[in-house]
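Per-entry structural report
Here are the chains, one letter per residue:
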Amino acid sequence: MMAELRSPGFLEYFLVGEHWSRFTQPGWTGDLYGTAHEQARGIVWAYLAVGFLPWSLLLPWLLIGRRRAARQIAGGTRSERSPDTALLVAWALTPALLFSASRNILWTYVLPAAPALAILAGRWLARDTRQGVVHGLVATGLVLLTGGAAALLLSQGSVGAIRSASGVLLPLLSGGHKASEVSFLNALPYSASFYTAGKAHDVVKDEELDLWLRRDPKLGPLHEHEFLVTTEKSWRSLSGSRRSQLHVLFDADGYVLLVRAGPAG
């Protein structure tokens with residue numbers, strides 16, 4: 001109630017919008033702090049399988065050609081079955097079952113299932129009598145995980161996949177410039193709002209870029225802004241004529257800081 005008094009509309013937005021409209025309306029447009037992530041219905045199961053890699057691919061190999069081992073892995077004798085197995089199975093499947101009905105989802109929504117899946121997988125491996133095979137499978141999984149994590153980190157460093165605007169904004173702000181002097185091309189990244197305490201909010205649409213380059217007053221206050229920030233991908237996709245009218249001050253973490261090219265630039 002205190003939040004509602006301080007920010008009228010909070011209860012409707014948070015309770016109805018975030019916890020009902022986001023779930024039931026594909027591409028929900030009421031998000032004040034982000035965007036809806038519309039996906040195909042049921043894709044959450046693919047997220048679950050990908051999120052449990054490499055084990056979602058490696059563990060089924062234990063069933064191939066070993067019927068007797070498969071029966072032991074599947075549960076063994078009744079006395080060997082853990083009393084909390086049903087709870088763990090329900091825990092592991094609930095996030096995917098819940099979000100199968102929604103189209104606004106992120107892959108992170110399946111993460112609550114990870115502890116239960118890990119416990120179930122560990123018990124399954126421990127019951128397998130072929131411990132040599134199990135050890136080889138676990139070693140393979142660890143190698144794949146380590147290699148995949150290393151490749152991901154290297155790719156982020158080389159292609160700017162970190163994608164935070166702080167790399168271009170903070171040096172600019174620390175140099176005495178204000179967030180009000182910066183425009184963003186087409187979209188305002190969340191990191192920009194965070195690192196400028198909400199002061200960065202101006203966006204130049206692609207069709208308005210020529211007005212910004214000419215400092216055309218038709219663009220409104222934006223025409224006076226000195227700096228333009230865009231992603232490296234958007235920068236590369238600009239036409240040659242537009243690129244010739246812009247000068248790159250510097251780039252970092254997938255973003256490019258631009259100014260209008262002067263007579264000498």
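Just so you know, these numbers come straight off a predicted model, no measurement behind them.

What to know about the confidence of the model for the protein
- Per-residue confidence for the protein gives a mean pLDDT of 82; residues scoring 70 or more make up 86%.
- Mean pLDDT per element in the protein: helix H5 (residues 67-74) is the minimum at 56, and helix H6 (residues 85-99) is the maximum at 92.

What to know about the pairing of strand S5 (residues 255-260)
- The element S5 is largely enclosed, with a buried count of six among its six residues.
- The sheet contact formed by strand S3 (residues 227-231) and S5 spans five bridges and is antiparallel. Bridge assignment links Val229 to a residue of S5, and that residue is Leu257.
- Relative to S5, strand S4 (residues 246-252) is paired through six bridges, and the arrangement is antiparallel. Residue pairing across strands places Leu246 opposite Arg260, the latter belonging to S5.
- The turn joining S4 and S5, which pair antiparallel and follow one another in sequence, is formed by two residues; a positive phi near 55 degrees is taken by Asp253.

Re the pattern of salt bridges
- If you walk through the whole model with that rule in mind, you get six salt bridges.
- Notably, a salt bridge pairs Asp216 with Arg214, separated by 3.4 Å at the nearest N-O pair.
- Here the salt bridges share partners, and the residues they tie into one network are Asp206, Asp210 and Arg242.

Section: the packing of aromatic side chains
- All told, the structure shown has three aromatic pairs when counted by the stated rule.
- On the basis of an interplanar angle of 40 degrees and a centroid distance of 4.8 Å, the ring pair of Phe99 and Tyr109 is categorised as tilted. Remark: Tyr109 occurs in the loop between H6 and helix H7 (114-127) and Phe99 occurs in helix H6; sequence separation between them is 10 residues.
- Aromatic side chains Phe194 and Tyr195 sit 5.0 Å apart centroid to centroid with 90 degrees between the ring planes, which places their arrangement in the edge-to-face category.
- Over the aromatic face of Trp235 sits the side chain of Arg243, whose NZ or CZ is 4.4 Å from the ring centroid.

Considering the nonpolar core
- Leu59 and Leu137 are the most contacted members of the largest nonpolar core, which has 22 residues in total.
- Counting residues per element, the ones that place at least two in this core are helix H3 (44-51), helix H4 (55-58), H6, H7 and helix H8 (131-159).
- Those residues within four positions of Leu137 in sequence are excluded, and the remaining contacts are Trp55, Leu58, Leu59, Leu62 and Leu125.
- By size, the runner-up hydrophobic cluster in this structure holds 14 residues, among which are Ala165, Phe184, Ala192 and Ala200.

What counts as what
Residues numbered from 1 in each chain as written. Predicted model: local features only at pLDDT ≥ 70, side-chain atom pairs only at ≥ 80, totals over all residues. Heavy atoms only, no water. pLDDT = per-residue confidence, 0-100. Helix = DSSP H or I, 4+ residues; strand = E, 2+ residues; numbered from the N terminus. Buried < 20%, exposed > 50% of the residue type's maximum accessible area, 1.4 Å probe, protein only. Pairing = 2+ DSSP bridges. Salt bridge = Lys/Arg side-chain N within 4 Å of Asp/Glu carboxyl O. Phe/Tyr/Trp six-rings, centres within 6.5 Å; stacked < 30°, edge-to-face > 60°. Lys NZ or Arg CZ within 6 Å of the ring centre and 35° of its normal. Core = buried A, V, L, I, M, F, W, Y, C linked by side-chain atoms within 4.5 Å. Contact = heavy atoms within 4.5 Å.

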